[in-house]
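Geometric and topological summary
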Amino acid sequence: EHPITGVFVEGLSFCAVDCYDDVELLMDEGTAARTIGATNMNASSSRSHSIFEIVITQELTDTVTGGISEKQSRVVLIDLAGSE
């Protein structure tokens, strides 16, 4: 834990994307990097946690005033190792 910024994940990467294809490519890369192993319930069970956070930002321009505002949404997907 960092004393100023709080909890962090070592080796975490942030990537800016412009389209869904870029998101899908990053998700595929993350999936390929995960460690898997056999369990009694699943032949290819995940042995590593995965956190995927998507931040969607929309910039809006007021047609009357010309002012710019921003809307932001955050989606967090978490897959815990061996959660079957």
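Quick look at the structure, then. Since we're looking at a predicted model, the values are computed, not measured.

Some words on the overall build of the chain
Regarding its fold elements, the chain presents one helix and four strands. Of the regular secondary structure in the chain, the N- to C-terminal order runs α-β-β-β-β. In the chain, buried positions account for 10% of the 84 residues. For the chain, the accessible surface area stands at approximately 7200 Å², while carbon and sulfur atoms represent 54% of it.

Digging into the pairing of strand β4 (residues 68-79)
Pairing of strand β3 (residues 50-61) with β4, which is carried by twelve bridges, proceeds in the antiparallel orientation. Each residue of the ladder has a partner; that of Ile-51, found in β4, is Ile-78. The loop that links β3 with its antiparallel partner β4 comprises six residues; one of these, Gly-66, has a positive phi angle of about 80 degrees.

Things to note about a nonpolar patch on the surface
Taken together, Val-9, Leu-12, Phe-14, Ile-51, Val-76, Ile-78 and Leu-80 make up a surface patch of nonpolar side chains, about 720 Å² in accessible area. Along the chain, the position of Leu-80 falls in the segment after β4. Residue classification places Leu-80 among the partly exposed residues on the basis of a relative accessible area of 47%.

Let's talk about the pattern of salt bridges
Two side chains bearing opposite charge may form a pair once their charged atoms approach each other closely. Considering all chains together, one arrives at one salt bridge under this definition. Glu-53 is the partner of Arg-74 in a salt bridge, and the nearest nitrogen-oxygen pair spans 2.8 Å. Here the residue Arg-74 occupies a position in strand β4, and Glu-53 occupies one in strand β3, the gap between them amounting to 21 residues.

Here's the deal with the environment of His-49
Topologically, His-49 is positioned in the loop between β2 (45-46) and β3. Sequence spacing of His-49 and Ala-81 is 32 residues, and the spatial spacing of their C-alpha atoms is 4.8 Å. Other than its neighbours up to four places away in sequence, His-49 contacts Arg-34, Asp-79, Leu-80 and Ala-81.

Describing a negative patch on the surface
On the surface, a cluster of negative charge is contributed by Asp-21, Glu-24, Asp-28 and Glu-29. Summarising the element assignment, Glu-29 is placed in helix α1 (residues 20-33). Residue Glu-29 is classed as partly exposed on the basis of its relative accessible area of 47%.

The rules behind these values
- Residues numbered from 1 in each chain as written.
- Predicted model: local features only at pLDDT ≥ 70, side-chain atom pairs only at ≥ 80, totals over all residues.
- Heavy atoms only, no water.
- Helix = DSSP H or I, 4+ residues; strand = E, 2+ residues; numbered from the N terminus.
- Buried < 20%, exposed > 50% of the residue type's maximum accessible area, 1.4 Å probe, protein only.
- Areas by Shrake-Rupley, 256 points an atom, 1.4 Å probe, with all protein chains shown as cover.
- Pairing = 2+ DSSP bridges.
- Patch = residues over 30% accessible without salt bridge, like charges linked within 9 Å, V, L, I, M, F, W, Y side chains within 5 Å.
- Salt bridge = Lys/Arg side-chain N within 4 Å of Asp/Glu carboxyl O.
- Contact = heavy atoms within 4.5 Å.
- Lys, Arg positive; Asp, Glu negative; His and termini not counted.
- Charge placed at Lys NZ, Arg CZ, Asp CG, Glu CD.

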